[in-house]
Amino acid sequence: MADLTPTPDRPGLHVSKPSPNTPATGSAICHCGATATATGDSQVKALVEGYTANHGSAHNRAGR
């Protein structure tokens with residue numbers, strides 16, 4: 001399987017939760033240079049919400 005972890009050359013959002021008994025992990029890199037990581041279900045949820053609202057395709061919606 002390919003490595004789906006975002007990099008500066010391939011910005012994006014990656015979330016993993018291998019089983020119901022392990023905490024989720026997430027990482028994000030935006031083309032604007034912002035980066036973030038999170039561990040734990042609620043922290044990863046916040047990471048996804050923040051990235052979706054403020055980075056990635058949100059830059060295109062806001063014209064930034």
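Before going into details, it helps to say that this report is about the structure given with it. Since the structure is predicted, the reported quantities are computational estimates derived from the model, not experimental observations.

### Here's the deal with the overall build of the protein
When helices and strands are counted, the protein shows two helices and three strands. By residue count, 25% of the 64 residues in the protein fall in the buried class. In the protein, once contacts between residues fewer than 6 apart in sequence are set aside, the share between residues at least 24 apart is 17%. As presented, the protein carries roughly 4,300 Å² of accessible surface, and 56% of it is formed by carbon and sulfur atoms.

### Description of the state of the cysteines
For the structure shown, the criterion picks out zero disulfides. Take C30: it sits in no disulfide, and the sulfur closest to it among the cysteines is that of C32, at 3.6 Å.

### A closer look at helix α1 (residues 41-54)
End to end, α1 covers 20 Å across 14 residues, agreeing with the expected 20 Å (1.5 Å per residue, within 8%). All of the buried residues along α1 are V44, L47 and Y51. Taken end-on, α1 shows its buried residues confined to a sector of 55°, consistent with a single buried face. In α1, those exposed residues whose orientation departs by more than 90 degrees from the buried face are S42 and K45. Its buried side turned inward, α1 meets β1 (12-16), β2 (25-29) and β3 (35-39). Phi turns positive, to about 55°, at G56, one or two residues after α1.

### Description of the pairing of β2
Most of β2 sits out of view: four of its five residues are buried. Here β1 pairs with β2 via five bridges, running antiparallel. Bridge pairing in β2 links G12 to I29. Bridge analysis of β2 against β3 gives five bridges, and the strand direction is antiparallel. From the neighbouring strand, A28 faces β3, where its bridge partner is A36. Two successive antiparallel strands, β2 and β3, enclose a turn made up of five residues, where G33 displays a positive phi of approximately 105°.

Conventions used here
Residues numbered from 1 in each chain as written. Predicted model: local features only at pLDDT ≥ 70, side-chain atom pairs only at ≥ 80, totals over all residues. Heavy atoms only, no water. Helix = DSSP H or I, 4+ residues; strand = E, 2+ residues; numbered from the N terminus. Buried < 20%, exposed > 50% of the residue type's maximum accessible area, 1.4 Å probe, protein only. Contact = heavy atoms within 4.5 Å. Areas by Shrake-Rupley, 256 points an atom, 1.4 Å probe, with all protein chains shown as cover. Disulfide = S-S within 2.5 Å. Expected span 1.5 Å × (residues − 1). Arc of directions from axis to C-beta. Pairing = 2+ DSSP bridges.

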